[in-house]
Amino acid sequence: MRVKMGIKLVLLVIFFAIMVGVGIYSRKHVTSVDGFVLGGRTVGPWLTAFAYGTSYFSAVVFVGYAGQFGWKYGIASTWIGIGNAVLGSLLAWVVLGRRTKVMTQHLSSRTMPDFFGERYDSKALKVISSIIVFVFLIPYTASVYNGLSRLFEMAFHIPYAWCVIVMAVFTALYVILGGYMATAINDFIQGIIMLVGIVAVIAAVLSGQGGFMNAIAEMAKIPSDTAVTQGQPGAFTSFFGPDPLNLLGVVLLTSLGTWGLPQMIGKFYAIKDEKSINTGTVISTLFAVVVSGGCYFLGGFGRLFDSPVIYDETGAVVYDSIIPHMLSALPDILIGIVVVLVLSASMSTLSSLVLTSSSTLTLDLIKDNVVKNMSEKKQIITMQVLIVFFIVVSVVIALDPPTFIAQLMGISWGALAGAFLAPFLYGLYWKGVTRAGVWAGFISGVGITVSNMVIGYIESPINAGAVAMIAGLIVVPVVSLITPRLKKETVNQIFTCYEEKVTITKKHSLQE
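A brief look at the structure comes next.

Procedures and definitions
- Residues numbered from 1 in each chain as written.
- Predicted model: local features only at pLDDT ≥ 70, side-chain atom pairs only at ≥ 80, totals over all residues.
- Heavy atoms only, no water.
- Core = buried A, V, L, I, M, F, W, Y, C linked by side-chain atoms within 4.5 Å.
- Buried < 20%, exposed > 50% of the residue type's maximum accessible area, 1.4 Å probe, protein only.
- Contact = heavy atoms within 4.5 Å.
- Helix = DSSP H or I, 4+ residues; strand = E, 2+ residues; numbered from the N terminus.
- Axes fitted to C-alpha atoms, helices over the stretch in contact; angles between N-to-C directions.
- Left-handed = near helix turned anticlockwise from the far one by under 90°.
- Nonpolar A, V, L, I, M, F, W, Y, C, P; charged D, E, K, R; others polar.

Of all hydrophobic cores here, the largest spans 154 residues; its most connected members are Phe-62, Tyr-145, Phe-420 and Phe-424. Not counting residues within four places of it along the chain, the set of residues in contact with Phe-420 comprises Met-112, Phe-116, Ser-129, Ile-132, Val-133, Gly-260, Pro-262 and Phe-442.

Let us now look at the environment of Ser-358. With respect to the helices, strands and loops of the structure, Ser-358 is situated in helix α14 (residues 332-366). Every residue in contact with Ser-358, bar those within four places of it in the chain, is listed here: Met-383, Leu-386, Ile-387 and Phe-390.

In terms of residue burial, helix α11 (residues 262-270) counts as a mostly covered element, since nine of its nine residues are buried. Here α11 has its buried residues at Pro-262, Gln-263, Met-264, Ile-265, Gly-266, Lys-267, Phe-268, Tyr-269 and Ala-270.

Turning our attention to the environment of Ala-464. Structurally, Ala-464 is set in helix α18 (residues 461-482). Along the chain, Ala-464 and Val-475 lie 11 residues apart, while their C-alpha atoms are 16 Å from each other. Sequence-distant contacts of Ala-464, that is, excluding residues within four places in its chain, are made with Ile-448, Asn-452 and Ile-458.

In this section: the packing of helix α5 (residues 78-107) against helix α10 (residues 244-256). Their axes nearest at 8 Å, the elements α5 and α10 cross at an angle of 35°. Relative to α10, the crossing made by α5 is right-handed. Contact residues: α5 offers Trp-79, Ile-80, Gly-83, Asn-84, Leu-87 and Gly-88, while α10 offers Leu-247, Val-250, Val-251, Thr-254, Ser-255 and Leu-256. The residue makeup of the contact of α5 with α10, split by class, is seven nonpolar, five polar and no charged.

All we've got here are geometric facts, nothing functional implied.
Here it is as structure tokens:
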């Protein structure tokens, strides 16, 4: 028993030592605000693609979403992973990647609120959007820890509080030491662990069920419990599952949502060049296929592990306990790998969130509004202090968490993506977006999410988030068409960045 526990502990110690080592190595980049926040805008394709993917998929996905949606939709939950890969990764890079890099560099903006301020020539938009980021990233940050609790208790039999505190301390350490570059390098290492881990876990779990075909045959016997399929067996192995409409809502929020999340879009600010965008698109998509597709595919077999362990005293399913229960029978070395996998997923997302929150609050709210003439050194120190603040706040929330983690993430994603997706996307492509259109987008995104929290007119916070995003995509252009436009010369000057001539090789473009 001691030997088995020793193996798990050794894996953890090595993992944490590497994370801190990377933080120390990356200190040389923390000499300017651009270096701390964006790695000097010279980050290559592999680091950027892995940073994007690991920020995308945390313990919330592996433990919360995979368990919950696998249970509800069966094997069809794999569509969520496919949507994440195609819509959330591939199309996000193709549609947003290059234009984000070009325009944000032209405007010298370092954060999403900074972009809104410069693109729409409005200090008020910059301040309000930074407050929205501050308010709604905290619950998301807190939700990242929750997926660890049952896994750690299963693997180490140690209190959840200690898991949260240790993870928070080490994340704060390497982000403060090395800023964006430390998070990018660690994201790459953590991404490799996630890829290897998820493949090994799926193979082991299906092997324990007599192989893939036998697992599918057993799943096909289970009757569904939704009104759509009225108790028919086979629904959990059908193409679109027992509840296609709600499944579509989940695909939309978890895929299209990344287009409006500041911690995801920030990765495009930092990318190096054209080649990095092309290579990064492929890597990021493949990463999402394996990690997200793998998580939801694994969760789709959750009902084969039906047990009293996954129910609470009222008889309701505790979704966060499904995946840990599925993994509890694995060999100790695999459980150790799973713990490191989930730690990797959580720490990479956590580091991205606290860096985004601290940089937004410092550069868009405190600088020039609260503190005038703020030097580069003061800005970096303020961001480092705020990183500690955000981590402490998120730990306090995580130590007394809500019922289950998917709700928290759904609310955060819904508000942020609902408010920011349309103004950001249209702002990159269309000169006709007005300030009033952007305000309307902010109000509809946050308004739908918050009012639904209070009144509950849309049953699922996931579907509410999807509605908030779609509403923004309609509201912003409609309001922009009937409200006064920005000065023509100002907008034209902003869009000149796309007309700038560059020389490239025939390998990338043929002459006309």
